[in-house]
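As a plain string of letters, each chain reads:
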Amino acid sequence: MRGWVGALRAAAAAVGPGSVPGAFRQRFDFGGRDVASWFPGHMAKGLRQMRASLRRADCLIEVHDARIPLSGRNPMLREVLGIRPHVLVLNKRDLADPQRKPTVLEYLKQQGCSHVVFTDCQRDDNVKKIVPLVAKLVDDSPRYHRAEVCEKPLMYLVDTPGVLPPKLEDVETGVKLALCGAIRDHLVGEDIMADYLLYTLNKQQQFGYVQRYGLAEACDAIEPVLRRVALARGRTQKVKVLTGTGNVNVTTLDYSAAAYEFLRDFRAGCLGRVTLD
């Protein structure tokens, strides 16, 4: 609870006492956070295994969340991608902003990604386009392992674990990854994740949260939003307060639980279709 009070006060200070409705932050203050501890140890082993697997592949299918089409990519793969046929699959397109698609495609093209497929793997026919595209790319390029890819072509699929680069470019990239579930919430902190999400929604003029939580208007500070989320979802907690006559149990709003609800609504698409990059 004490940590949340401090976080909310810091967010309010960043917004400023003279803020008015519609005047949103132009930049986000990450408070000097460090990303060094966000790389789990098991990912180092997974990265070594992945490199070994990639050496045996004739074509690489790189799969990412369409909401982070740039932040989600591992720069350590580029040395391998440059010599093999490569398909970039951006899944969960139903949760991403379709208006950002042309900009994303142009940027990816500049990075050398000419074969990009947007999919919704649960109910999208675009998934069926991947195998024919891979077959064509392999057929039109030098074969690395003809014994494994036959002329029909019979394909062997080697799956690799999803791994982060050992060093993220910046804290903002790490928060974007966490919002999409690539980094565990507790490693980054639900407080900063919820505040950054609100900042992003306002920046992109995605104000669906106002109606969803019964707010009078869009907010630049996270505290009023989480208060409304807690009230709407009944997220409360009992805390002991020391008084002159002893400890007293007091029911307060659970801002931690409210932040979790806010993040869960984003991940489920309840706050609109949002591309973070």
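Everything here concerns the structure above.
This write-up is about the structure you can find in this document. (Residues numbered from 1 in each chain as written. Predicted model: local features only at pLDDT ≥ 70, side-chain atom pairs only at ≥ 80, totals over all residues. Heavy atoms only, no water.)

1. As for unusual backbone geometry
Using the following cut-off: Starting at the N terminus, helices and strands are each numbered in turn, a helix being any DSSP run of H or I of at least four residues and a strand any DSSP run of E of at least two. Burial status follows relative accessibility: with a 1.4 Å probe on protein chains alone, a residue under 20% of its type maximum counts as buried, one over 50% as exposed, and anything between as partly exposed.
Non-glycine residue lysine 92 carries a positive phi angle of around 65 degrees. Tracing the backbone shows lysine 92 in the loop between β2 (86-91) and α4 (101-110). Exposure remark for lysine 92: the relative accessible area of 34% places this residue in the partly exposed category.

2. Details of helix α11 (residues 255-267)
Note the threshold: Given a helix with a known number of residues, its expected span is that number minus one, times 1.5 Å. Under the rule applied, a polar contact is a pair of N or O atoms within 3.5 Å (in protein, one hydrogen donor and one hydrogen acceptor; residues adjacent in sequence only if both atoms are side-chain atoms).
With 13 residues, α11 extends 18 Å from end C-alpha to end C-alpha; this agrees with the ideal 18 Å at 1.5 Å per step. Among the residues of α11, Tyr255, Ala258, Ala259, Glu261, Phe262, Leu263, Asp265 and Phe266 are the ones counted as buried. The distance from a side-chain oxygen at the start of α11 to the backbone nitrogen of serine 256 is 3.2 Å, and the residue carrying that oxygen is aspartate 254. Two residues or fewer after α11 comes glycine 269, characterised by a positive phi angle close to 80 degrees.

3. Brief notes about the packing of helix α6 (residues 171-179) against helix α8 (residues 190-203)
Counted only if it meets this: Only the stretch in contact is used when a helix axis is fitted, and all axes are lines through C-alpha atoms; the angle between N-to-C directions ranges over 0 to 180 degrees. Reported orientations rely on four angle classes, namely roughly parallel under 35 degrees, roughly antiparallel over 145, roughly perpendicular from 65 to 115, and oblique for the rest. Any two residues having at least one pair of non-hydrogen atoms within 4.5 Å are treated as being in contact.
Here α6 crosses α8 at 95 degrees, and the two axes come no closer than 10 Å. Between α6 and α8, the crossing angle belongs to the class labelled roughly perpendicular. From α6, Glu172, Val175, Lys176, Ala178 and Leu179 reach across to α8, where they touch Met193, Tyr196 and Leu197.

4. As for the sheet that holds strand β3 (residues 116-118)
Cut-off, in case you're wondering: Paired strands are those between which DSSP finds at least two bridges.
Pairing is parallel across the open sheet formed by 3 strands, whose spatial order is β1-β2-β3. Each of the sheet's edge strands pairs with one partner strand only, and the pair in question is β1 (60-65) and β3. With strand direction ignored, the average angle separating the axes of adjacent strands in the sheet is 20 degrees. Here β1 pairs with β2 via 6 bridges, running parallel. Residue pairing in the sheet places valine 63 in a bridge with valine 89 of β2. Against the sheet, helix α5 (residues 130-139) makes contact with β1, β2 and β3, and its axis sits at roughly 165 degrees relative to β2, the strand it touches most.

5. Section: the environment of alanine 259
In this structure, alanine 259 sits in helix α11. Relative accessible area serves as the criterion here: at 0%, alanine 259 is assigned to the buried category. C-alpha separation for the pair alanine 259 and alanine 230, spaced 29 residues apart in sequence, amounts to 8.5 Å.

6. Some words on the pattern of salt bridges
Convention followed: Salt bridges are identified by distance alone: a Lys or Arg side-chain nitrogen within 4 Å of an Asp or Glu carboxyl oxygen.
Under the criterion given, the structure shown has 15 salt bridges. Across the pair arginine 123 and aspartate 94 runs a salt bridge, and its minimum N-O distance is 3.4 Å. With arginine 123 in the loop between β3 and α5 and aspartate 94 in the loop between β2 and α4, this residue pair connects regions lying 29 residues apart in the sequence. Owing to a relative accessible area of 60%, arginine 123 belongs among the exposed residues under this scheme.

7. So, the pairing of β2
Extensive coverage of β2 is indicated by the burial of 6 of its 6 residues. The two faces of β2 match: His86, Leu88 and Leu90 on one face and Val87, Val89 and Asn91 on the other face are all buried. By the bridge criterion, 3 bridges tie β2 to β3 in an arrangement that is parallel. In the strand pairing of β3, leucine 90 is matched with phenylalanine 118.

8. Points about α6
Most of α6 sits inside the fold, with 8 of its 9 residues counted as buried. Taken together, the buried positions of α6 are occupied by Val171, Thr173, Gly174, Val175, Lys176, Leu177, Ala178 and Leu179. Where the residues of α6 are buried, they touch α7 (185-188), α8 and α11. Here α6 starts with a cap whose side-chain oxygen sits 3.3 Å from the backbone nitrogen of glutamate 172, and that cap is aspartate 170. Of the residues trailing α6, glycine 181 is marked for its positive phi of about 85 degrees.

9. A short note on the side chain of glutamine 206
Mapped onto the elements, glutamine 206 comes out in the loop between α8 and α9 (208-212). In this structure glutamine 206 comes out as buried when scored by relative accessible area, which is 15%. Within the local environment of glutamine 206, its side chain forms a polar contact with the backbone oxygen of arginine 273, the two atoms lying 2.8 Å apart.

10. Some remarks on the nonpolar core
Selection criterion: To qualify as a nonpolar core, a set must consist of buried Ala, Val, Leu, Ile, Met, Phe, Trp, Tyr and Cys residues joined through side-chain atoms within 4.5 Å.
Membership of the largest hydrophobic core comes to 42 residues, with the highest contact counts inside it found for Leu179, Leu197, Tyr209, Val225, Phe262 and Leu271. Secondary-structure elements contributing two or more residues to this core are α6, α8, α9, α10 (222-233) and α11. No other element matches the 8 residues that α8 contributes to this core. Beyond its immediate chain neighbours, meaning those up to four positions away, leucine 271 contacts Leu197, Leu201, Gln206, Tyr209, Arg212, Tyr213, Phe262, Asp265 and Phe266.

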